[in-house]
Amino acid sequence: MDATNEKLVPLCVTENAVHEMQLIGALKDENIECVVRSFFDSAYDGLFEKQHGHSMILVFDGDLARAKEIVCNIPLPENIIPPPEEE
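Per chain, the residues get numbers from 1 upward, laid out in the order the sequence is written. For a predicted model such as this one, the threshold for reporting local features is a pLDDT of at least 70, and the threshold for listing and counting side-chain atom pairs is 80 or more; totals across whole chains, interfaces and linings nevertheless cover every residue. Excluded from the side-chain calculations are hydrogens and water; all other atoms, namely the structure's heavy atoms, are used.

Undergrad: Just checking my understanding: could you explain the side chain of His54 for this structure?
TA: For helices the rule is a DSSP run of H or I covering at least 4 residues; for strands it is a run of E covering at least 2, with both sets numbered from the N terminus onward. In this structure, His54 sits in the loop between helix H2 (47–52) and strand E3 (55–60). For each residue, the accessible area found with a 1.4 Å probe, counting protein chains only, is set against the maximum for its type, and the residue is called buried under 20%, exposed over 50%, and partly exposed in between. According to the relative accessible area criterion, His54 is buried, its value standing at 14%. By the criterion applied in these results, polar contacts are pairs of N or O atoms within 3.5 Å in which, for protein atoms, one can donate a hydrogen and the other can accept it, and in which residues neighboring in sequence qualify only through two side-chain atoms. In this structure the side chain of His54 is engaged in a polar contact, spanning 3.2 Å, whose partner is the side chain of Glu20.

Undergrad: I keep staring at the environment of Cys12 and nothing clicks. Help me out?
TA: Of note, Cys12 is situated in strand E1 (residues 8–14). Relative accessible area serves as the criterion here: at 6%, Cys12 is assigned to the buried category. Between the alpha carbons of Cys12 and Lys68 there is a distance of 8.7 Å; along the sequence they are 56 residues apart.

Undergrad: Where do I start with the sheet that holds strand E2 (residues 34–38) in this structure?
TA: Sheet strands pair via backbone hydrogen bonds, and the direction of the pair is either parallel or antiparallel. Taken together, three strands build an open sheet; the order of strands is E1-E3-E2 and the sheet is antiparallel. The sheet is open, and its two borders are formed by E1 and E2, each paired with just one other strand. For this sheet the average axis-to-axis angle between neighbouring strands, irrespective of direction, equals 30 degrees. Pairing geometry for E2 and E3, over five bridges, is antiparallel. We call two strands paired when DSSP finds no fewer than two bridges between them. Orientation is described by lines fitted to C-alpha atoms, with helices fitted over the stretch in contact, and by angles between N-to-C directions that extend from 0 to 180 degrees.

Here it is as structure tokens:
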């Protein structure tokens, strides 16, 4: 996929590193590129993780629908934080 002109969009927010790796692995298995934006900051001792979650996974806009299908088929705990609503 040539994603040079596509924007990154939020897919989901993970609660911890295990969930993050599980989602990244599933996306990579389907050849969907993703970027991880971590909320961890050692200077604040995890304060932002408690407010926002562990990390946000972003995918290219053209892959969003397929990525959502993949994520929905992965059994995760109910307490996974959904991505922020777009304005």
